[in-house]
Amino acid sequence: MSTLQVILNVALLLACVGILVIMNKKHVKFSNRVFAGLGLGIALGLGLQLFYGIDSEILAKTTSWYNIIGTGYVKLLQMVAMPLVFISILIAFTKMTIGKNFGKMAALILAILIGTTAVSAAVGILSATIFDLDATQIMQGDAETERGAYIEEKTTGMTAPDLPTQIIELFPANPFLDLTGARSTSTIAVVIFAAFLGFAYLRVARKDGEMAATIKKGIDAVHALVMGVVTIVLRLTPYGILAIMARTVATSDFGAIYNLGKFVIASYVALIIMFLVHLLIISLSGLNPFTYLKKSLETLLFAFTSRSSAGTLPMNIKTQTGRLGVPEGIANFAGSFGLSIGQNGCAGVYPAMLAIMIAPTVGINPLDPVFIITVIAVVAISSFGVAGVGGGATFAAILVLSALHLPVALAGILISIEPLIDMGRTALNVSGSMTAGVTTARVTKELDTEIYNNKAVSAQVSDL
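Residues numbered from 1 in each chain as written. Predicted model: local features only at pLDDT ≥ 70, side-chain atom pairs only at ≥ 80, totals over all residues. Heavy atoms only, no water.

Help me understand the environment of Ser433 in this model?
Locating Ser433 in the fold gives a position in helix 19 (residues 418-443). Each C-alpha atom of the pair Ser433 and Asn332 lies 10.0 Å from the other, and the pair is 101 residues apart in sequence. Those residues in contact with Ser433 that lie beyond four places of it in its chain are Leu113, Asn316, Gln320, Ala334, Gly335 and Gly338. (Helix = DSSP H or I, 4+ residues; strand = E, 2+ residues; numbered from the N terminus. Contact = heavy atoms within 4.5 Å.)

Now the structure itself:
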């Protein structure tokens, strides 16, 4: 009987997939299909949990089948992440005009990404303080304890003894190893390797234009191939989100989520404040923030539902170039650097809030000005190399908590609400990189303001 019930549950998922396939054949807008998958997944997950109960063996077997689509989709995103980061950085160099603005452009993008991460850490600290978040007040179940043990185990060999050693770890001794994502700092190492190749291309371009043209043609060909793979993976997003949400909702402990509701609210308050900071930066650069909001909304919603900054990169770049008037070189730099440096949500707000929550457990006053300044500084420095696919926030939290000598295992207390807050964090990460691109283009006077201000411009960023 149980096998028959599992088969029936899988059939329900496939029926939902069929609905999404029909919507695709009727050319329903991609973002609408993503939200349809989200809604169907939530409804299916709620139905399964209400019918079977969270501890049901049938539900466990069902979700393992759902993982073929859900976890399979996540693995495909992880598959394209490194090649995408590598080729996006490299092609950015081929699209840059060699001149005095080059160094200024790179410095501005990095300054905005790292600066906004420091601000996001301060906002996270403020929100955690206002909501009086304290890890000692949260009850831990078996899942949280198990997650805490896993995080402790993961820290082994992951953190360097001092800052100079941490910086050295960022460099790619073997770039081909880093392209596999083998190290915790592989993402930033790939960025550095791609940047070296980019500078080498610029040297060739100065000395031998014909050879540079040949190299550029090869890079363009590889970029087209990688983007083709990315497009295929992104087309699977509605189905992936359907299965992920069905599994997540079906296996969620709503009692635990209710107990951690204050953290969820505090997190989203901090995320919203930081998004308003992004709009303020856009406004201070002399641009209409509401235009930015309107033209970037589709991409931000995709980031929210997919929970992958790397998966959103193609749409991120298309939005910047096609809707916001950012040159391709700047858009590629901002989008790609934003995957591994200065993620405002995952590497800024989240670890800072955790530090403030966990500090009382070891007798540290979270309101001590020295401690607060230390947290902000550590968060900003540790934001280098946080991967843009699921798990980046956990990695950032491990780095920050370890550097502050706080118990990393307590990060496991939030496992039950992780997917819920990760959606908002990912959207903020993407907004941070787009803000860096738009602001940099504006400051360097390379922004096409006609495209930015033209309400009729509606480039298809999700023609999938």
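Read on for the rest.
Where do I start with helix 16 (residues 344-358) in this structure?
Within an α-helix, residues lying three or four positions from one another point in the same direction, as the helix has 3.6 residues per turn. Spanning 15 residues, helix 16 covers 20 Å between terminal C-alpha atoms, matching the ideal 21 Å at 1.5 Å per step. Across the 15 residues that make up helix 16, a large majority, 15, are buried. (Expected span 1.5 Å × (residues − 1). Buried < 20%, exposed > 50% of the residue type's maximum accessible area, 1.4 Å probe, protein only.)

How should the packing of helix 15 (residues 328-340) against helix 19 be read in this particular structure?
Geometrically, a packed helix pair is captured by the angle between its two axes and the distance between the axes. One way to put it is that helix 15 packs onto helix 19 with a least axis distance of 8 Å and a crossing angle of 150 degrees. Accordingly, the angle class assigned to the pair helix 15 and helix 19 is roughly antiparallel. Helix 15 and helix 19 meet at a crossing whose hand is right-handed. Along the contact surface, helix 15 presents Ile330, Ala334, Gly335 and Gly338, while helix 19 presents Ser433, Ala436, Gly437, Thr440 and Ala441. In terms of residue class, the contact of helix 15 with helix 19 is built from four nonpolar, five polar and no charged. (Axes fitted to C-alpha atoms, helices over the stretch in contact; angles between N-to-C directions. Parallel < 35°, antiparallel > 145°, perpendicular 65-115°, else oblique. Left-handed = near helix turned anticlockwise from the far one by under 90°. Nonpolar A, V, L, I, M, F, W, Y, C, P; charged D, E, K, R; others polar.)

Would you mind showing me how to read the packing of aromatic side chains here?
In total, this model carries seven aromatic pairs according to the counting rule given. Here the aromatic rings of Phe93 and Phe199 are separated by 5.0 Å at their centres, their planes lie at 65 degrees, and the arrangement is edge-to-face. Residue Phe93 is located in helix 3 (residues 57-94), and its partner Phe199 is located in helix 8 (residues 186-207); the two are separated by 106 residues in the primary sequence. Taking relative accessible area as the criterion, Phe93 reaches 2% and is therefore assigned buried. Note on Phe93 and Phe333: the rings are 5.0 Å apart at their centroids and 65 degrees apart in plane angle, and the pair reads as edge-to-face. Residue Phe93 is found in helix 3, and its partner Phe333 is found in helix 15; the two are separated by 240 residues along the sequence. Taken together, the ring pairs connect Phe93, Phe199, Phe333 and Phe337 into an aromatic cluster. Over the ring of Tyr350 we find Arg425, and its NZ or CZ is 4.3 Å from the ring centre. (Phe/Tyr/Trp six-rings, centres within 6.5 Å; stacked < 30°, edge-to-face > 60°. Lys NZ or Arg CZ within 6 Å of the ring centre and 35° of its normal.)

Would you mind going over the environment of Ile69 with me for this structure?
One can find Ile69 in helix 3. For the pair Ile69 and Ala243, spaced 174 residues apart in the sequence, the C-alpha separation amounts to 6.1 Å. In this structure Ile69 touches Leu13, Val17, Tyr239, Gly240 and Ala243, once residues within four positions along its chain are discounted.

Which parts of the structure should I look at to understand unusual backbone geometry?
Located in the positive-phi region is Asp132, a residue other than glycine, with phi close to 55 degrees. With respect to the helices, strands and loops of the structure, Asp132 is situated in the loop between helix 4 (101-130) and helix 5 (142-155). Here Lys445, not a glycine, exhibits a phi torsion of approximately 60 degrees, which is positive. Structurally, the position occupied by Lys445 is in the loop between helix 19 and helix 20 (449-453).

How do you make sense of the nonpolar core when you look at a structure like this?
Taken as a class, soluble globular proteins show a tendency for nonpolar side chains to be buried jointly. Counting 110 residues, the largest nonpolar core has Ile109 and Phe263 as its most contacted members. Broken down by element, this core gets its largest block of residues, 14 residues, from helix 3. Sequence-distant contacts of Ile109, that is, excluding residues within four places in its chain, are made with Ile330, Phe333, Ala334, Phe337, Ala436 and Thr440. (Core = buried A, V, L, I, M, F, W, Y, C linked by side-chain atoms within 4.5 Å.)

Would you mind going over the side chain of Thr439 with me for this structure?
Locating Thr439 in the fold gives a position in helix 19. Within the local environment of Thr439, its side chain forms a polar contact with the backbone oxygen of Thr435, the two atoms lying 2.8 Å apart. Residue contacts for Thr439: discarding those within four places in its chain leaves Ile112, Ile281, Ile282 and Ser285. (Polar contact = N/O pair within 3.5 Å; in protein donor to acceptor, adjacent residues only side chain to side chain.)

The analysis is restricted to geometry; functional conclusions fall outside its scope.
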